Structure formats: C-alpha cells, structure tokens
Amino acid sequence: MSKITIPIGPQHPSLKEPGCFTITLEGEKVVNAVVGVGYNHRGLEKACEARTYIQDLYIIERVCGICSHTHSTAFCQAVEELAGVEIPRRAAYIRVIMAELERMHSHLLWLGVAAHEIGFDTLFMYSWRDREKVLDILAELGGNRVNYGINTLGGVRRDLEPQMADEIRAMLDIVEEQNKYYIQLALSETTLAARLSGIGKLSHEDALRLGAVGPVSRASNVDTDIRVIDKYAAYDEVPVTAITDDHCDVFGRAVVRVLEIMESIKMIRWSLDNLPDGELTAKMPRRIPEGEVFSRTEAPRGEDTHYVRANGTDKPDRVRVRAASEANWHSVKHMLEGDYLADVPIIIAAIDPCYSCTDRSIVLRSAAGERVWDWAALRRYGIEHYKKQGFDASKIKIAERKIIR
Amino acid sequence: MKRSPGRIAGFALKHLLKKPATIAYPAAKLEIEPHYRGKIQYNADDCIGCNLCVRDCPASAISIVNVGTKEEKKFECHLNLGHCIFCAQCVDSCRKGCLSFTPNIELADMSREALKVKL
Amino acid sequence: MLLALFHILIFPGMLFLGAYALVFSFIDRKLYARLQNRRGPRWYQPLADFLKLLGKETIIPEHADKRVFVFLPVMALAAVTAAYLYIPIWSSTSLYPFEGDLIVLLYLLTLPTLCFFLAGWYSTSVYATIGAVRALTQLFSYEVPLFMALLAPALLADSWSLSGMTAYYSTHPLYLLINIPAFLVAVIACQGKLERVPFDLPEAETELAGGTFVEYSGRLYAIFRMAIDCELVVVASLISAVFLPFYPAGAWAGFGVYILKTLVILFILALLRSIMARVRIEQMVAFCWKYLTPLALIQIIANLLLKGVLA
C-alpha cells in the first residue's frame, strides 16, 4: 500500500486547540509524524513587560486555562524572591490546597478527554460530572471556576473559612469514592486496557533523553516531581509522595494520573487539618529591586518554570514562561511513530497538551545561524512572510512600541 | 485483576432513573456561590478619586470620573464589561472599600455599547 | 397496484419507517444520555436535526464523481426501505413473503454499508478514504458471524423465510432458548453493521472527523443520516423477527408487541454502545474472527445436530 499523508489539525475534532500533526501513514500505521505548533501565539510575555507586576499576575494566570494557579504561583514566587519577601505560612498552605484541588480537577478533566478520544463517552461524562464538584469548591474558594485569582504578590487574597474546610472534606469524600471506582474500572475494563496499553511507548531512557516532564515522565519511571525535589510553598511540611509507574505507555500515564488524584486528596486533608493561623499577605513593595529569578512549580502536566528579570521599576524587564506541554512536545513525535492512526489522538492527548500555553516563543534559524531581532525587524519579517502567502499586512497600522528599560 | 468488557454497565444502569447531573440552563437557574467574582458594585459616597483601581486594572476596564466641580467632587465609575476580566483586583486595591463584587454573572448583551455601563 | 404503492410509500414503507426511525433515534439518544447521567435531547431533536440538514447548502467536492456522489445516499435509503417491506410487523407474515426472503433481507442490508464505502471512496478526501477502507474491512469481519447467527435459527426451523420460521417457532417456542448464543452474536455484530461504539471505526469522530461522511453536507447528508436511522429500525426489527417471533392475534395487538420488541432490542443496543470504548480496526477484526464467528459456528453445528436428533 502506498504512503499517504494526512493532516491532523489545525482544526480537528480530537484536538481541543489548534496544532497540526502531519502524519504519514502506511495502511493504518504511522511511519512519520511532524509536530507543528504555533497557531496560537498570544504575545503574553511581551504584554507582561508593558504592565506592572500586579497586572502581570492576571495575565500570567491566563497562560493556561486549566493550570492557572500553578502559573501564578510560579510567578508570585519569583517576584517575592526578588523583593526578598517571605509569605506567611497560612498563605503557603492555602496555595498548596489550591494547587492540589487544581491537580484533581485537571486530572479528572484528562480522564474524560482521554476516554472521549477512544470513543468511551460514558466515562467522559461521569468523570466530568465529578470534576464539576471540584470546580464548585474552587469557585467558592477563589471566586471563579478556572482563573481562581487567589494568589497575589506576597500571599493569597482570600481566607479559607472553617465552614469551607468542611465543604471541601465532604467533596473529597465523594470524589475519593468515585475515583476509586475509576481506578478499578481502568484496571478491569477490557476495551480500555486494549486501547491504552502498549501504545505511545516512551522508555525510561527516552523519557530522560527527550526531557519529558510530569505524569509522562513518571509513567516511564522517572522519579521527577518538583514538589519533592525542589520543595516550594508549604510542600516542605505537607507529605508528598511522587507516583511512578513502569508501564511506559498511555496506560501507565492514566494510572499515574488517577493515583495522583488519590494522593492529592490525602494532601488536601492533611493540609486542612494542619492549617496554621496567621496573616494572609506580607507587605510587598510596588517597585521590585533589580535582579533575576528562576522559579518552578509542579503543574498537573509537569514542571512549569518561570523566569523573571527585574530592573528596579514597577514593571518587569523580561518574563519567560515554559509550560509543561512545551517540554513534552519533543517526546510526542517519538511516541507517535510505529503506532496506528487510531491511536494518534489518544497518544497526543496522553501528554495532556496545552497548545496555547506553548505557543509563546519565536526562534529564528537561518543559514547565518540564530539571530536576535528587534521589534522593527520582526515586523518586517512578518509582513514579508504573509506577503508570500498572498496577504498584505503592511497597511495595518500598529502603535509604536515604547521600550521600557 | 480479572478483565472483562462492559464493566461500567452496572454503574451506568444505576444512573438510568436518577436525576440528571446537568442543568437545563437557561431554563433552570444556576446556583452561584455568594463568593463568586461577578460584576463589581460601586459606592460613590466613600470614593476619594485616588484612581488606584484604575492604575491596577489589568484590562483597562474601569475608569473613575469627576462629574462635580473641583471643590464639590462627585465621582462616577464607568466599567466596560467587554474588557473586564472579573479579577476583582480593583476591589483589593481600593483603600476606602467602595468597590465590592457581586455574584452577578449574566451580563451578556447584543451590542458592544450596552456593555459599557455606569456603576 | 394502489395498495402496493401505499405499502411502499406510506405504511409500512417510507413515511412510517422514517417517522419511526426518528422516534427510535430520539429514544436511543435519550437512553444514551440518561445512562451517562445527562438530560438528553427533547423529543423533536432528531426531526429538527433532519430538517436543519435539509435546509443547509449541499457541497459536492470538486474531484468527486458527481452522479455517484448524489446517487449513493438515495441508494442506501432505498435499500433500507425495501428491506423493511419484507419484515413481518403486525402479523406472523410480512406483506410480500416468499421462500428465501431472509437471504434477500440480508443482501439488502449489506447494500447501505457498500454505499458508505463507495461514498467515502468517491469523496476523494483522505479522511473519507481511510473511513471507506475501514468500512469495508469491518464489513468482512462482522458480516460472516451476523449471517451465520441469523441463519442458524432458520436451519433449525428448516425454512428460509421469516414467516416459515415464525410458524415453526410458534409451535416449538422452547427451541428459541437454544438460539440465545446466536442472539448475542447477532446483537454484537450488528453494532458493526450500524457503525456504533465499539465498532464505529468508519466514522470515528475523534480520529477521522466523521470518516466516510466527511465530505457530505446538506440534503445528501440528511438522506444518509436518515438511512442510518432507518437501518437501526430495520436491524432491530429483523433481530426481533428472528429471535422473538411472538405475534398475538389481531393487527393492533401485534403492532403493539412489535413496538415493544424493537424497543427492548434498542435498549440492549443503546446499553452496548454506552459501556465500551471504540476498538482499533485490527482488534475489531480479531474479535469477530476469534470469538463471534466460532460462537456462531458452534450454534449452527448445535442446531444441525439438534435437527438430526429431532428428525
């Protein structure tokens, strides 16, 4: 049979965001895969440079719709370290509780998406029904379903009232029971196992070589969890166990995620029982002293790193975000090759991709090597690029950019 | 563990006659927590026109204007709901406590102009 | 002549079949939703979908063969409607019974699948082509166990017509219990014929974006959807006629029992599609040949032996 090339994306029902996977098929077998991302560049990092730290907080929170808390935590940590401010313990604990609730809802979301990709809509509906319970609690704690906005520079904005703690405990009991059922189902349902095991293989060595992070690497038995190896917020006190699995395939990633929900439930219970009293925020200066900081957190999808460079004003000089999906793209190509076309959506979904989080940086490579371009040169390049595609952008007027230095 | 297909059947059948988990919105009303960050509320009496909320707004959605004279100040708050991201940072920034949020989330309208509201 | 036309166009032909197919599709969707703890559509949703599709623009791909492209949905619907005329509905005999109508029925029910294959093939889109190849691969896997499962009861009854089988089983109702394995095989295999989960590979929304029908739109797609909905009714009626041949006296009572029987079959089909994940094509083929076909074969051998014993 001759080879055919089919594009999965940028618009495709299995992808919730734009990304293009050019798959070369021999029959139903994938012989080559090209990962193409970059359809959703939003200029978030650049926007951060033009706004104050407190305004950036809300931009950073919107890097990702699902792991918004982990991004804002990483950013806050970086700015707090620059300013030399230690946040109150109670705030650190509330950050941990939010982070773990977020992990729960993100993993339940993943379970649903994965089930939908393999045509198991019943599991999809049930796991999203239970996710809704977590979201309700998050909305009550933070004030919104996904962009909780609970972090602020120097602490958290809202307190956790005792009656809310009871509501959280009640929710945890329900979700724990449901989740136990999903674990049992994942292990005993034949069609699930048939569709998930043995596909998207990523060996221990490959996971290390390709720099996979989060559940993808932990399912390949790489013991990386930022909560364990680089403790932040209150993770130095809250007992954390990194879940690892040696299946090295999509099934392993599913197992790691459902077990992590159980672990998160345990951690939230512990944090609620040992929540210290005290202030919610520490005093933060508006102008952040010069310096640069690299901060990282464990997002539900893996390691999330933020780099912030301050220049002594109330606006950052440079903000760089590397979301977890960005680290995992490299392993996707490797995982896709050799599997069936039917497995492509679930393999892509198995890294829990977040396309918009990733589409942020531009690296220009040419024969002359890598170059650093200024704003005007970048615009010239953009106009020429689109002219070739039959679209003249030179007539569009944009405001002259003020360089804040 | 022993594997067999259709393990979820019992679980699904149990829910066949139970009340659906979904809500027929907008026919049925959504339950919104009182802590939900919806449209903000403005109390002009305490406002001193410091414009801290305007400075901190990440979306440039809010503006405070003096409609009175220089001596006899009277402030008005204008909010563009199309720009507002409902972060409620203005509520935190206000030193006088004249801004607060309400759980009102049903704010959609047919025209952009109607989204520019005076609070 | 006029009566025949009435049978073909109004009852039990196109109009009744179409209406019942919409009701069937509604109940199917409602059950599917309720099994997932959702509300599900309102009663007029399938009709609204159908009418909406009729009103949409029909786009024919540039490289597609236009005549074949337009002809295929009509052909699929016609085959299904024709098949329905040979199924007994309110009495133990169908409108036009003859010896061997079971075989003709199965042949007519294979035509829609072939139409789906050709539709995908003539669409000249990569998604549609892969869907078409899958449809054909699947056809060779489920068709054999399905035919064997439906012919096993016929073997025991020693008649190749549905009326003959009904007559035989109404005198020996206990023999129906022997056919239970064949019933199970038929119900599972027809998930493949109807392209429903776990065997909805030709459509596979998340993989092929709609597969064979990806290039169909507007009126032509509405006809295809109608053909699929009608096929569900016809297959459910066929299974109920072969495995549950109970017909009380009187047309109205018979009709009521027919509705009840098909709804029971529909419930089983809806349950089956909601409790499993979609399998891969090679898993589907392996499953059909490894489990379904041997089971159907055992049923045939058992029925032959039993017939020998009885004779």
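Residues numbered from 1 in each chain as written. Chains lettered and ligands numbered in written order. Predicted model: local features only at pLDDT ≥ 70, side-chain atom pairs only at ≥ 80, totals over all residues. Heavy atoms only, no water.

### Thoughts on the overall build of chain C
Alright, step 1. Assigned secondary structure in chain C consists of twelve helices and zero strands.
Alright, step 2. Starting at the N terminus and ending at the C terminus, chain C contains elements arranged as α-α-α-α-α-α-α-α-α-α-α-α.
Alright, step 3. By the compact-globule yardstick of 19 Å for 311 residues, chain C fits well, its C-alpha radius of gyration being 19 Å.
Alright, step 4. Projected onto its principal axes, the C-alpha positions of chain C cover 60 × 50 × 40 Å.
Alright, step 5. Expressed as a percentage of its 311 residues, the buried residues of chain C come to 57%.
Alright, step 6. Pairs at least 24 apart in sequence give 79% of the contacts found in chain C among residues at least 6 apart.
Alright, step 7. Of the side chains in chain C, 21 bear a positive and 18 a negative charge, and the two mean positions are spaced by 8 Å. (Helix = DSSP H or I, 4+ residues; strand = E, 2+ residues; numbered from the N terminus. Rg over C-alpha atoms; globule rule 2.2 N^0.38 Å. Buried < 20%, exposed > 50% of the residue type's maximum accessible area, 1.4 Å probe, protein only. Contact = heavy atoms within 4.5 Å. Lys, Arg positive; Asp, Glu negative; His and termini not counted. Charge placed at Lys NZ, Arg CZ, Asp CG, Glu CD.)

### As for the environment of I6 of chain A
Alright, step 1. Along the chain, the position of I6 of chain A falls in strand β1 (residues 3-8).
Alright, step 2. Along the backbone, I6 of chain A and A139 of chain A are 133 residues apart, and their C-alpha atoms lie at a distance of 41 Å.
Alright, step 3. Leave out the neighbours within four places in its chain, and I6 of chain A touches F21, T22, I23, L25 and L341 of chain A together with V126, Y127 and I130 of chain C.

### Some words on the pattern of salt bridges
Alright, step 1. A complete count under the given rule lists 45 salt bridges over all chains for this structure.
Alright, step 2. Between R90 of chain A and D159 of chain A there is a salt bridge, with the nearest N and O atoms lying 2.9 Å from each other. Here D159 of chain A lies in the loop between β5 (155-156) and α6 (162-188) and R90 of chain A lies in helix α4 (residues 89-117), a separation of 69 residues in the sequence.
Alright, step 3. Here R157 of chain A and D92 of chain B are joined by a salt bridge, their closest N and O atoms 2.5 Å apart. Of this pair, R157 of chain A sits in the loop between β5 and α6 while D92 of chain B sits in helix α3 (residues 89-93), each in a different chain.
Alright, step 4. In this structure R157 of chain A comes out as buried when scored by relative accessible area, which is 17%.
Alright, step 5. It is possible to trace a salt-bridge network through shared partners that takes in E100, R103, R218, D225, R227, E260 and E298 of chain A. (Salt bridge = Lys/Arg side-chain N within 4 Å of Asp/Glu carboxyl O.)

### Quick look at helix α6 (residues 126-157) of chain C
Residue and element names in this part refer to chain C.
Alright, step 1. Between its first and last C-alpha, α6 extends 47 Å over 32 residues, near the 46 Å set by a 1.5 Å rise per residue.
Alright, step 2. Residue Y142 marks the point of greatest curvature in α6, where the axis turns by about 30°; the proline P145 follows within four residues.
Alright, step 3. Judged by how many residues are buried, α6 sits mostly within the fold: 24 of 32 residues are covered.
Alright, step 4. Immediately downstream of α6, the backbone of D158 shows phi near 60°, a positive value. (Expected span 1.5 Å × (residues − 1). Bend = angle between axes of the 7 residues up to and from the residue.)

### With respect to the packing of aromatic side chains
How two aromatic rings sit relative to each other is given by the distance of their centres and the angle of their planes.
Alright, step 1. Evaluated as defined, the whole model comprises 27 aromatic pairs over all chains.
Alright, step 2. Seen in terms of ring centroids, W329 of chain A and Y355 of chain A are 5.2 Å apart; in terms of plane orientation they differ by 45°. Their pairing is tilted. Residue W329 of chain A is found in helix α12 (residues 324-336), and its partner Y355 of chain A is found in helix α14 (residues 355-358); the two are separated by 26 residues along the sequence. With respect to class, W329 of chain A is no different from Y355 of chain A; both count as buried.
Alright, step 3. With centroids separated by 4.1 Å and ring planes inclined at 5°, the aromatic side chains of F69 of chain C and Y216 of chain C adopt a geometry described as stacked. Of the two residues, F69 of chain C is situated in helix α4 (residues 66-85) and Y216 of chain C in the loop between α9 (205-208) and α10 (218-243); the sequence distance between them amounts to 147 residues. Of the two residues, F69 of chain C and Y216 of chain C, both sit in the buried class.
Alright, step 4. The aromatic ring of W110 of chain A is capped on one face by R257 of chain A, whose charged end is 4.5 Å from the ring centroid. (Phe/Tyr/Trp six-rings, centres within 6.5 Å; stacked < 30°, edge-to-face > 60°. Lys NZ or Arg CZ within 6 Å of the ring centre and 35° of its normal.)

Shape descriptors only; they carry no functional weight alone.
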